[in-house]
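Chain residues, written in single-letter form:
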Amino acid sequence: MVSVRGFAAAPSILFIGGTGVISAAAVERAVAQGHRVTVLNRGVSSLRPAPKDAEVLQADVRDGAAVQAALGNRRFDAVADFVSFTPEHAAAGIARFLGRTGQYVFISSASAYQKPPARLPVLESTPLRNPFWQYSRDKIACENVLMQAYRDEGFPVTIVRPSHTYDRTSLPLLGGWTDIHRLRSGLPVLVHGDGTSLWTLTHSRDFAVAFTALLGRPQAVGESYTITSDEFLPWDQIYRLLAKAAGVSEPELVHVSSETIAAHAPSLGPGLLGDKAHSVIFDNAKIKSLVPEYRADIPYSAGAREIIGWHDAHPEAQTVDRDFMALSGGLVAWARRAPLTD
């Protein structure tokens, strides 16, 4: 058997999840690298099927008996957990895999970092605090549970914090495809804030390069890593790149404060006020010190073309949200007649 990074045989990797935007690319790369890959999920998604050389097991990870039936007492060199979102989920993972894996990689979120950030760039040492978004606070709580288990019991956790990671199916705009529909219809689109805050978008294939290189690395145990692109763009530019890819040369962008959008669309509030409204630039020096080959090669200009091309080839994904259409029309009208203030 071919040796892979010091293993006598190809390492065995369990992906919990494995069909999402981030995880599917990591599964594909791990299989391509010759790892023995097992994917455990509910088997309800067909959008990103597992590679043919991956073992696929079906079980709801929240059903302990079903997971036990699927995995038995198998051990893995590394377990990658993409679907734990609460401290209870994290505790269940510890109970299930303590003594059964050499590494447990928990996918947290860069939204857990301090909001608003007191300084840029964001480092792994940046405090974890997000008073705006429960999702982020739950990820922080998961990290606390897992790191306590590492300190008390030697549970071999590695924490990974991706930021906004996308693939060809993902649109980062407030309205998703609805905004592309508006652009192509010659209608103005909402942009939160003044369009100049900086945002980092990472292609899932780039993320996978660094992520899979962490698997089976004993020196990564007990550590946390940010994995993002080094490219950061103003939100206006993100909208313009997608407009250009969609064939719209002169998009009409209307700026409305994040607080106003959140007040009129509460479902958008946490993700806006707890993440997208703030400029974020990340320092990837730590992951590069362990994985020197890591480099995010896919600029968002290329990613935008890939996204629009995929959606144009999949009309079933071109969903227009009538509620967001109404919200956009109302806030655009409000912004245009709002009086200037000193």
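Summary of the structure given here. (Residues numbered from 1 in each chain as written. Predicted model: local features only at pLDDT ≥ 70, side-chain atom pairs only at ≥ 80, totals over all residues. Heavy atoms only, no water.)

## Comments concerning the overall build of the protein
Summing up its helical and strand segments, the protein has 12 helices and 13 strands in all. Taken over C-alpha atoms, the radius of gyration comes to 21 Å for the protein, in line with the 20 Å a tight globule of 342 residues would show. Here the C-alpha coordinates of the protein stretch approximately 65 × 40 × 40 Å along the principal axes. By residue count, 53% of the 342 residues in the protein fall in the buried class. Within the protein, residue pairs in contact and separated by at least 24 positions form 76% of the contacts whose partners lie at least 6 positions apart. When the 33 positive and 34 negative side-chain charges of the protein are each reduced to one mean point, those points stand 3 Å apart. (Helix = DSSP H or I, 4+ residues; strand = E, 2+ residues; numbered from the N terminus. Rg over C-alpha atoms; globule rule 2.2 N^0.38 Å. Buried < 20%, exposed > 50% of the residue type's maximum accessible area, 1.4 Å probe, protein only. Contact = heavy atoms within 4.5 Å. Lys, Arg positive; Asp, Glu negative; His and termini not counted. Charge placed at Lys NZ, Arg CZ, Asp CG, Glu CD.)

## What about unusual backbone geometry?
Looking along the chain, the bond that leaves Lys-115 and enters Pro-116 is cis, with omega of -10°. Turning to its location among the elements, Pro-116 is positioned in the loop between strand S5 (104-107) and helix H4 (134-153). Note the cis peptide between Leu-120 and Pro-121, where omega equals 0°. Residue placement: Pro-121 occurs in the loop between S5 and H4.

## Observations concerning the packing of helix H5 (residues 177-184) against helix H11 (residues 300-313)
Following both chains from N to C, one finds H5 and H11 inclined at 90°, their axes separated by 12 Å at the closest point. In this view, H5 runs roughly perpendicular relative to H11, as classed from their interaxial angle. On the side of H5, the interface is formed by Trp-177, Ile-180 and Arg-184, while H11 contributes Ile-308, His-311 and Asp-312. By residue class, the composition of the contact of H5 with H11 is three nonpolar, one polar and two charged. (Axes fitted to C-alpha atoms, helices over the stretch in contact; angles between N-to-C directions. Parallel < 35°, antiparallel > 145°, perpendicular 65-115°, else oblique. Nonpolar A, V, L, I, M, F, W, Y, C, P; charged D, E, K, R; others polar.)

## With respect to the pattern of salt bridges
Pairs can form between side chains of opposite charge whenever their charged atoms are close. Under the defined criterion, the tally for this structure stands at 10 salt bridges. Residue Glu-143 pairs with Arg-161 through a salt bridge whose shortest N-O separation is 2.7 Å. Of this pair, Glu-143 sits in helix H4 while Arg-161 sits in strand S6 (residues 157-162), and the two are 18 residues apart along the sequence. You'll find Glu-143 and Arg-161 in the same group, each marked buried. Note that Asp-297 and Arg-295 form a salt bridge whose closest N and O atoms lie 2.6 Å from each other. The class of Asp-297 is partly exposed, set by a relative accessible area of 48%. The class of Arg-295 is exposed, set by a relative accessible area of 56%. (Salt bridge = Lys/Arg side-chain N within 4 Å of Asp/Glu carboxyl O.)

## Let's talk about the packing of aromatic side chains
Enumeration according to the criterion identifies 10 aromatic pairs in this entry. Both rings, one in Tyr-104 and one in Phe-155, keep their centres 5.1 Å apart while their planes meet at 50°; by these two values the pair is tilted. With Tyr-104 in strand S5 and Phe-155 in the loop between H4 and S6, this residue pair connects regions lying 51 residues apart in the sequence. Across this residue pair, the class does not change: Tyr-104 and Phe-155 are buried. (Phe/Tyr/Trp six-rings, centres within 6.5 Å; stacked < 30°, edge-to-face > 60°.)

## Concerning helix H12 (residues 322-337)
Taking 1.5 Å per residue, 16 residues should reach 22 Å; H12 reaches 23 Å between its end C-alpha atoms and fits that length. The complete set of buried residues in H12 reads Phe-324, Met-325, Leu-327, Ser-328, Leu-331 and Val-332. Along H12, the residues classed as buried sweep out an arc of 160° about the axis, all on the same side. When the buried face of H12 is taken as reference, the exposed residues oriented beyond 90 degrees from it are Arg-322, Asp-323, Ala-326 and Arg-337. Residues of H12 that are buried sit in contact with H5, strand S8 (189-192), strand S13 (253-256) and helix H8 (258-264). (Expected span 1.5 Å × (residues − 1). Arc of directions from axis to C-beta.)

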